[in-house]
Amino acid sequence: MFAGMNACQILDQLNAGQGFERGRNISKRNECTASKYEYGANGLALDPVQGLAEFRQTDPGASEIIINGRKALEVFGEIGGCAIAVEVGPHARALINVNMASPRNNPQACPDARSLAERVEPLLPKVPT
């Protein structure tokens, strides 16, 4: 599904020139996070196993949104931050996370996550029809 795609390479490409540190893989999966002083961090995970249904199970309060024509789910975290799962297939998704360094900036987390998701989406494999 994500053959040849590397979450850190994509995140670094999209963060270029914005003051973020280089992305670092945070697990054995294709999952990356990058931080920026006094901003917080953003992240990208390319999950070839879990789709939107699995995201809905773990976050039943997630809102349905559309990212560049694709189905997606968005959830604002209890401690701030925002996660958006973008559909790549019935059992695949891209997960975009934004976590703010300061609680006063938390209202900006979801707009920033949406912006990042809109830039990630064109790089993703097309959803099978």
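Sequence order sets the numbering: in each chain, residues are counted from 1 along the sequence as written. Note on the predicted model: pLDDT of at least 70 is required for a residue's local features to be given, and 80 or more for side-chain atom pairs to be given and counted; whole-chain, interface and lining totals, by contrast, use all residues. Side-chain metrics in this entry use all non-hydrogen atoms of the structure; hydrogen atoms and water are not considered.

Chemist: I tried to follow the sheet that holds strand E3 (residues 40-47) on my own but got confused; where do I start?
Modeler: In sheet architecture, strand pairing relies on hydrogen bonds along the backbone and comes in two forms, parallel and antiparallel. With antiparallel pairing, 7 strands are arranged side by side in an open sheet as E1-E2-E3-E7-E6-E5-E4. Two strands bound the open sheet, and with one partner strand each, they are strand E1 (24-25) and strand E4 (63-67). Pairing of strand E6 (residues 82-89) with strand E7 (residues 92-100), which is carried by 7 bridges, proceeds in the antiparallel orientation. Looking at the pairing, alanine 83 lines up with asparagine 97 of E7. The criterion used for residue contact is that any of the two residues' heavy atoms lie within 4.5 Å. Interaxial angles span 0 to 180 degrees and are taken between N-to-C directions of axes, which are lines fitted to C-alpha atoms, for helices over the stretch in contact. For the purposes of this entry, the term helix denotes a DSSP run of H or I that reaches at least four residues, the term strand denotes a run of E that reaches at least two, and both are numbered from the N terminus. Against the sheet, helix H3 (residues 109-120) contacts E3, E4, strand E5 (70-76), E6 and E7, and its axis sits at roughly 145° relative to E7. If DSSP finds at least two bridges between two strands, the strands pair.

Chemist: Where do I start with the pattern of salt bridges in this structure?
Modeler: For side chains of opposite charge, pairing can occur when their charged atoms come near one another. Basic side-chain nitrogens of Lys or Arg form a salt bridge, by our definition, when they fall within 4 Å of a carboxyl oxygen of Asp or Glu. In total, this model carries 6 salt bridges according to the counting rule given. Put simply, arginine 22 and aspartate 12 hold a salt bridge, and the shortest N to O gap is 3.6 Å. Of this pair, arginine 22 sits in the loop between helix H1 (7-15) and E1 while aspartate 12 is found in helix H1, placing the two residues 10 residues apart along the sequence. What makes arginine 22 exposed here is its relative accessible area of 69%. The cut-offs for exposure are 20% and 50% of the maximum accessible area for each residue type, with area from a 1.4 Å probe on protein chains only; residues under the lower value are buried, those over the upper are exposed, and the others partly exposed.

Any functional reading would require information beyond the geometric quantities listed.
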